[in-house]
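Residue-level structural notes
Chain by chain, the residues run as shown.
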Amino acid sequence: MAADVDMSGIFEKNRSLLITNVVIDGKNAEIFVDETGKIAGLGENLRAGHKSEADYVIDGDGALAIPGLVNTHTHAAMTLLRGYADDMILQDWLARKIWPLEAHLTGNDVYWGTKLACTEMIRTGTTAFNDMYFFMEDAARAVDESGIRAALSYGFIDLFNDEKRENECRATEKLAAHVRSMNNPRIKASVGPHAIYTVSPKGLQWCAEFAKEKGLGIHIHLSETEKEVTDCVAQHGKRPSALLDDCGILTPKTVAAHCCWLDETECSLMGKRGVHVSHNPASNMKLATNRAMPWHWLTAAGANVCLGTDGCASNNNLDMFEEAKTAALLQKFFWNDPTLLPAPAALAMATSAGAKALGFGTGALTVGAPADIVLVATKVACNTPLHNASSNLVYACSGGAVETTICNGRVLMLNREIPGEDAVLAGAGAAARDLVRRAGSV
Ligand SMILES: [Zn+2]
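What comes next concerns the included structure. (Residues numbered from 1 in each chain as written. Predicted model: local features only at pLDDT ≥ 70, side-chain atom pairs only at ≥ 80, totals over all residues. Heavy atoms only, no water.)

Side note on the environment of G354
Inclusion rule: Under the scheme used here, helices are H or I runs from DSSP no shorter than 4 residues and strands are E runs no shorter than 2 residues, and both carry numbers assigned from the N terminus. For each residue, the accessible area found with a 1.4 Å probe, counting protein chains only, is set against the maximum for its type, and the residue is called buried under 20%, exposed over 50%, and partly exposed in between.
Note on placement: G354 falls in helix α13 (residues 343-358). Assessed through its relative accessible area of 0%, G354 is described here as buried. The sequence separation of G354 and V70 amounts to 284 residues, and the corresponding C-alpha distance is 5.1 Å.

Looking at the packing of aromatic side chains
Each aromatic ring pair is specified by the distance between its two centres and by the angle formed by the two planes. In plain terms, the rule: In summary, the pairing rule links any two rings of Phe, Tyr or Trp, Trp by its six-membered ring, whose centres are within 6.5 Å, and it sorts them by plane angle into stacked for under 30 degrees, edge-to-face for over 60 and tilted for everything else.
Within the structure shown, the criterion is met by seven aromatic pairs. Where Y133 meets F134, the ring centres are 5.1 Å apart and the plane angle is 40°; that geometry is what we call tilted. The class for F134 is partly exposed, based on a relative accessible area of 24%. With a centroid separation of 5.5 Å and 55° between ring planes, the pair formed by W297 and W335 is classed as tilted.

Observations regarding the layout of surface pockets
So the rule is basically this: Here a cavity is any set of points on a 1 Å grid over the protein atoms alone where a 1.4 Å probe fits but cannot get out, and a pocket is any open set with protein on both sides within 12 Å along at least 5 of 7 lines; a residue lines the site when it has an atom within 4 Å of a point. Grid points are joined across faces, edges and corners, and a volume is the space filled by probe spheres set on the points. In this count, Pro and Cys sit with the nonpolar residues alongside Ala, Val, Leu, Ile, Met, Phe, Trp and Tyr, while Asp, Glu, Lys and Arg are called charged and the others, Gly among them, polar.
A volume near 680 Å³ is recorded for the largest pocket. Looking at the largest pocket, it is lined by 32 residues, and the ones nearest its centre are W99, E102, F134, I157 and H194. Looking at the lining of the largest pocket, the elements with two or more residues in it are α2 (90-102), β6 (126-133), β7 (149-156) and α5 (162-182). At six residues, α2 tops the list of elements feeding residues into the lining of the largest pocket. Residues belonging to the lining of the largest pocket are distributed by class as follows: 17 nonpolar, 10 polar and five charged. A volume near 490 Å³ is recorded for the second largest pocket.

Brief notes about the nonpolar core
The condition that has to hold: Buried Ala, Val, Leu, Ile, Met, Phe, Trp, Tyr and Cys residues form a nonpolar core when they are joined through side-chain atoms within 4.5 Å. Any two residues whose heavy atoms approach within 4.5 Å are treated as being in contact.
Membership of the largest hydrophobic core comes to 109 residues, with the highest contact counts inside it found for I249, M270, L298 and V376. In terms of residue count, the dominant contributor to this core is helix α3 (residues 107-123) (eight residues). Among residues more than four places away in sequence, those in contact with I249 are P193, L204, C207, A208, I218, I220, L244 and T254. Ranked by size, the runner-up nonpolar core spans 22 residues in total, among them A371, L375, V411 and L414.

Things to note about the coordination of the zinc ion
Using the following cut-off: For Na, K and Ca the donor cut-off is 3.2 Å; for every other metal, N, O and S atoms count as donors within 2.8 Å. Water does not enter the count, which can leave sites looking incomplete. Square planar and octahedral sites, with four and six donors, are those where opposite donors lie more than 155 degrees apart and all other angles lie between 65 and 115, tetrahedral sites have four donors with every angle between 85 and 135 degrees, and the rest are irregular.
Of the protein atoms, only H73 (NE2), H75 (NE2), H221 (NE2) and D310 (OD) coordinate the zinc ion, at distances of 2.1 to 2.5 Å. Each of the four donor atoms bound to the zinc ion contributes to angles spanning 88 to 173°, and the resulting shape is irregular. Taken in chain order, the donor set of the zinc ion reads H-x1-H-x145-H-x88-D. With a gap of 146 residues between them, H75 in the loop between β5 (69-74) and α2 and H221 in strand β9 (residues 217-222) connect regions that are remote in the sequence. By relative accessible area, which is 8% here, H75 ends up buried.

Observations concerning the side chain of K332
Worth spelling out the cut-off: Residues scored as positive are Lys and Arg, those scored as negative are Asp and Glu, and His as well as the terminal groups of each chain are ignored. The working definition used for a salt bridge is a side-chain nitrogen of Lys or Arg within 4 Å of a carboxyl oxygen of Asp or Glu. Here a polar contact is taken to be a pair of N or O atoms separated by no more than 3.5 Å, where protein atoms must pair a possible hydrogen donor with a possible acceptor and residues adjacent in sequence count only if both atoms sit in side chains.
Relative to the helices and strands, K332 resides in helix α12 (residues 320-334). As a buried residue without a salt bridge, K332 has its nearest oppositely charged side chain in D337, at a separation of 7.8 Å. A polar atom in the side chain of K332 sits 3.3 Å from the side chain of Y395. Not counting residues up to four positions away in its chain, the partners in contact with K332 are D337, P338, L340, L341, P342 and Y395.

Things to note about the pattern of salt bridges
Counting across every chain of the model gives 24 salt bridges. With a shortest N-O distance of 2.7 Å, K115 and E145 are connected by a salt bridge. A residue pair is termed long-range when its members are at least 10 positions apart, and K115 in helix α3 and E145 in helix α4 (residues 136-146) qualify at 30 residues. Overall, E145 belongs to the partly exposed group, its relative accessible area being 37%. Two residues, D434 and R438, come together in a salt bridge whose shortest N-O distance is 2.7 Å. Of the two residues, D434 and R438 both sit in helix α15 (residues 421-438), four residues apart, roughly one turn of that helix. Note on R438: relative accessible area 28%, which makes it partly exposed. Within this structure, D109, D434, R437 and R438 form a network of salt bridges that share partners.

Let's talk about empty space enclosed by the protein
Counted according to the given criterion, the structure contains two cavities of 30 Å³ or more. As for the largest cavity, its lining consists of A85, D86, D87, M88, W93, K286, L287, A313 and S314. Class assignment of the residues belonging to the lining of the largest cavity gives a composition of five nonpolar, one polar and three charged. Of the volumes computed, that of the second largest cavity is approximately 30 Å³.

Examining the sheet that holds strand β2 (residues 27-33)
How we decide: DSSP-based pairing: two strands are paired if at least 2 bridges between them are found. In this description, a line fitted to the C-alpha atoms serves as the axis of each element, helices being fitted only across the stretch in contact, and the angle between N-to-C directions of two axes falls anywhere from 0 to 180 degrees.
On the basis of which strands lie adjacent, the open sheet formed by seven strands has the order β3-β2-β1-β4-β13-β14-β15 and mixed pairing. Here the strands that pair on one side only, and so sit at the sheet edges, are β3 (39-43) and β15 (410-413). Mean inter-strand twist for the sheet, computed between neighbouring axes without regard to direction, equals 35°. Bridging between strand β13 (residues 373-376) and strand β14 (residues 402-407) involves four bridges; their strand directions are antiparallel.

What about the packing of α5 against helix α6 (residues 201-214)?
Stated precisely, the cut-off is as follows: Oblique is the label for any angle not under 35 degrees, not over 145, and not in the 65 to 115 range, which are roughly parallel, roughly antiparallel and roughly perpendicular in turn. Put simply, a crossing is left-handed when the front helix is turned counterclockwise from the back one by less than a right angle, and right-handed when it is turned clockwise.
It is the contact of α5 with α6, at a shortest axis distance of 11 Å, that shows an interaxial angle of 20°. Judged on the interaxial angle alone, α6 and α5 are roughly parallel. At the point where α5 passes α6, the crossing takes the right-handed sense. Within the contact between the two elements, α5 uses R165, C169, T172, E173, A176 and R180 and α6 uses K202, G203, W206, F210 and K214.

Encoded structure:
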């Protein structure tokens with residue numbers, strides 16, 4: 001950009017932008033973003049028509065412009081637990097480390113953890129995420145301030161107890177009402193029944209009915225481990241997907257995370273019901289789920305397969321570029337077929353498929369679409385040479401190559417600068433240390 005132009009107001013809302021010198025799908029392009037946050041022009045030479053209209057001009061310096069990445073399964077505030085406990089058996093890890101620490105969580109912790117997560121996502125090119133956790137009103141405040149998009153669900157866990165179920169229903173209703181009162185188009189509420197082994201069929205049915213009545217999405221964990229499947233068959237005489245279907249949980253607004261242990265019949269059911277399946281390869285490998293989500297069966301069945309990082313305690317970052325690479329590698333390795341999940345499909349999983357799952361209308365750089373735009377540097381080693389952009393983006397680059405992140409037309413990071421980042425890192429670091437101290441674990 002020209003050095004003599006004052007860019008100090010560019011991070012404010014409702015600015016029109018002309019983004020020049022970028023590459024979209026192999027072609028040189030310019031993008032005009034209007035003050036409503038939409039892409040209003042796209043083409044090779046918009047400069048003549050829009051330069052005088054635009055509040056700011058961003059020189060992309062040859063960057064690849066792609067839609068903002070969408071993380072379809074995470075527990076954002078678990079950034080506070082990053083590196084707290086690793087290399088353990090899943091049940092031990094949860095029961096001995098994660099749950100005891102989470103018992104001490106406060107709304108303030110969730111606020112700082114979510115702020116940290118949003119900062120990390122902005123830095124690595126993610127502009128929307130699907131979250132499930134606790135103290136979600138505090139998460140909503142963090143998302144509102146951060147400028148990115150989120151579908152927020154309260155983790156509904158009734159442990160097959162009637163009294164607990166009532167509490168969880170009220171908490172779910174409260175979050176839905178709170179998000180509605182925020183009236184922020186970047187934030188929506190979802191219903192978050194945690195999983196079949198933590199929520200009773202009655203609880204699942206209530207979630208399905210409430211989501212339907214309010215027009216909300218559903219966010220659930222499904223068939224992460226083999227034990228979940230064998231226990232379900234022993235207890236109910238059917239596999240987890242069939243149980244969820246009986247309870248009305250499988251809908252075109254449902255995101256099911258993990259799905260490692262689906263069989264072919266269940267994959268067909270996912271396709272038939274229009275369920276969005278969130279693949280979480282790094283978390284699955286780290287916790288050794290011993291099976292990779294069957295991408296080929298799911299896509300053959302017409303299911304929308306998208307991508308998520310899971311929480312930071314089991315990943316341990318929120319970098320969706322890394323996740324796309326891990327997904328492509330895991331599919332090839334586990335199913336023993338190097339042609340599975342090619343780079344363009346892995347990139348689509350992280351962008352358009354995720355956008356479809358969350359329903360914000362993002363996921364493509366087209367005129368009229370919300371301006372969720374990420375600029376990835378090309379004058380860096382991971383993009384040199386540039387024979388094939390989707391190959392480099394998936395296999396060579398990490399989120400570290402992202403230079404500029406724009407969500408809903410608002411610039412959130414420009415040339416790697418995120419305003420207020422230091423304060424977020426300091427606040428989240430302090431919250432994490434205090435949480436561990438309160439839990440008496442140090
Ligand atoms: Zn999860």
